[in-house]
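# Reading the structure
Each chain, letter by letter, is given below.
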Amino acid sequence: MTATPLLTDLTLRARAQAHQATPNCPCGAATLADRPDATVVRHAGTVAKAHAQDTTPADLTPRLTAAAHLPDVLLPPLTPAPVTLHDRLVTFWPYGTPVDPDDPDAAPWEAAGALLARLHRSPAPRTGLPPMRGPAKAAHAVTRLRATGPHPAAAPVLRAWDTLPAWARAEAPMPDTTTLCHGDLHLGQLVRHPGSDGPWRLIDVDDLGVGVPAWDLARPAAWYACGLLPPDEWTRFLTAYRDAHGPAVPAAGDPWPALDVPARALTVQTAARALAKALAQGRPLDEVEQALVDACARMGSVPPQLAPSSAK
């Protein structure tokens, strides 16, 4: 990985923040991510994140405030407001131990479900918090696919997208504008803190906002529907959410009328990203990517189920 001025200076900022909290820190440092939408570095127990270039203080600051006010659900930031570095907003966080990708049997599905339910039941700030960004990110993935170039598998993905209601394509307001949502839930968004045996917490507030809570269950639901998530793991997640009185689905019975549209949108988003990546790399689709495209083909022939509150 080539060092850039942003990466170099962000590393120095993380070091300074870590030493401010712990002057005699062990001085372990690492780059956790370096992508156009986020550059993340760690120094000992401190993480510094440079957010996407289009992130504004008006959107990010209330998200930080919400995280600070819900420390039993979201990992709270170390500082209440972002700073600017190389025209990017930067935030500081405590380091949390992530989910081990090499131990799928230890995936914390119960913790994820319970945390989401607590988040969804928490009162959203009355002013300032923007809409949850899930639909906007799905729309961006489809736009990127269209701009990347023709692909023989793109047609069923785009047909599935066109069957979704306008709110799921970020073309109309969401039918729920009051529920606090994470916006991008997957297992990479959970960490243990403090230490490696502390309680699980949700991280990454970039997409946090108000919106349709079923969106936060949509990625596991989509994986389950595509055959990529075993039924028992899906059941563990859904049961934990229901046991914690999560409002996104009924307490009993068929959850799919509430989940179908968001799950379809996440399937399209993931398939669109996979196709764009395969095109850029000049390679065929792998087995998982083909399964997502096949799911989109099935979706295009069956109208989505609409929850009672959904708007077209």
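Residue indices begin from 1 for each chain and proceed along its sequence in written order. Residues qualify for local features only when their pLDDT is at least 70, as the model is predicted, and side-chain atom pairs are given and counted only at 80 or more; totals for whole chains, interfaces and linings, by contrast, use all residues. Only hydrogens and water are set aside; all other atoms, that is, all heavy atoms of the structure, feed into the side-chain values.

## Looking at the overall build of the protein
A run of H or I in DSSP counts as a helix once it spans at least four residues, and a run of E counts as a strand once it spans at least two, with each numbered from the N terminus. Secondary structure assignment for the protein yields 9 helices and 10 strands. Every radius of gyration here is taken over C-alpha atoms, with the globule rule written as 2.2 Å times N^0.38, N being the number of residues. At 20 Å, the protein has a C-alpha radius of gyration in line with the 20 Å of a compact globule built from 312 residues. Its C-alpha atoms put the protein at 60 × 45 × 40 Å along the principal axes. Of the contacts formed within the protein by residues at least 6 apart in sequence, a portion of 72% connects residues at least 24 apart. Exposure was quantified through the Shrake-Rupley algorithm and a 1.4 Å probe, taking into account, for residues, occlusion by the shown protein chains and nothing else. Here the protein has roughly 14400 Å² of accessible surface; of this, 56% comes from carbon and sulfur atoms. Only four residue types enter the tally: Lys and Arg on the positive side, Asp and Glu on the negative side, with His and both chain ends excluded. Think of each charge as sitting on NZ of Lys, CZ of Arg, CG of Asp or CD of Glu. Charged side chains in the protein number 27 positive and 30 negative. The centres of these two groups are separated by 4 Å. We call two residues in contact when some of their heavy atoms are within 4.5 Å.

## Regarding the pairing of strand β1 (residues 29–35)
For two strands to be treated as a pair, DSSP must find at least two bridges joining them. Here β1 pairs with strand β2 (residues 38–43) via 6 bridges, running antiparallel. Opposite Thr31, over in β2, you have Val41 as the bridge partner. Between β1 and β2, which pair antiparallel and follow one another directly, the connecting turn spans 2 residues.

## A few points about the pattern of salt bridges
By definition, a salt bridge exists where a carboxyl oxygen of Asp or Glu is found within 4 Å of a side-chain nitrogen of Lys or Arg. Scanning the model with the defined rule gives 13 salt bridges in all. Among the salt bridges present, the one from Lys49 reaches Asp204, with a minimum N-O distance of 3.2 Å. With Lys49 in strand β3 (residues 46–51) and Asp204 in the loop between β9 (200–202) and β10 (209–210), this pair connects stretches of sequence that are 155 residues apart. Looking at Lys49, the relative accessible area reads 12%, which means it is buried. By relative accessible area, Asp204 is classed as partly exposed at 22%. Residues Arg264 and Asp260 are paired through a salt bridge, measuring 3.0 Å at the closest nitrogen-oxygen approach. Separated by 4 residues within a single helix, Arg264 and Asp260 lie in helix α8 (residues 256–281), roughly one turn from each other. Three labels apply to residues, based on accessible area from a 1.4 Å probe with only protein chains included: buried if under 20% of the type maximum, exposed if over 50%, partly exposed otherwise in between.

## Remarks on the sheet that holds β9
Spatially, the 3 strands line up as an open sheet ordered β6-β8-β9, and their pairing is antiparallel. Where the open sheet ends on each side, the last strands, each with one partner, are β6 (97–98) and β9. The pairing of β6 with strand β8 (residues 190–192) spans 2 bridges and is antiparallel. Looking at the pairing, Thr97 lines up with Arg192 of β8. Packed on one face of the sheet, helix α3 (residues 109–121) meets β8 and β9 and runs near 50° to β9. Interaxial angle, 0 to 180 degrees, is taken between N-to-C directions of lines fitted to C-alpha atoms, where a helix line uses only the stretch in contact.

## A short note on the packing of α3 against helix α6 (residues 215–225)
Relative to each other, α3 and α6 sit at 150°, their axes nearing to 10 Å. Judged by the angle between their axes, α3 and α6 are roughly antiparallel. On the side of α3, the interface is formed by Trp109, Leu116, Leu119 and His120, while α6 contributes Asp216, Leu217, Pro220 and Trp223. Across the contact of α3 with α6, the residue classes tally to 6 nonpolar, 1 polar and 1 charged. By the definition adopted for this analysis, an angle is roughly parallel if under 35 degrees, roughly antiparallel if over 145, roughly perpendicular if from 65 to 115, and oblique otherwise. Throughout, the ten residues Ala, Val, Leu, Ile, Met, Phe, Trp, Tyr, Cys and Pro are labelled nonpolar, Asp, Glu, Lys and Arg are labelled charged, and all others, Gly among them, are labelled polar.

## Considering a negative patch on the surface
Together, Asp100, Asp102, Asp103 and Asp105 line one region of the surface with negative charge. By the secondary structure assignment, Asp103 is in the loop between β6 and α3. Note on patches: the residues involved have over 30% relative accessible area and no salt bridge, like charges join within 9 Å, and the nonpolar side chains Val, Leu, Ile, Met, Phe, Trp and Tyr join within 5 Å.

## Concerning the nonpolar core
Here, nonpolar core means buried Ala, Val, Leu, Ile, Met, Phe, Trp, Tyr and Cys residues that are tied together by side-chain atoms lying within 4.5 Å of each other. Counting residues in hydrophobic clusters, the biggest one holds 82 residues, and the most contacted among them are Val157, Leu190, Leu202 and Leu217. Here the element with the most residues in this core is α8; it accounts for 12 residues.

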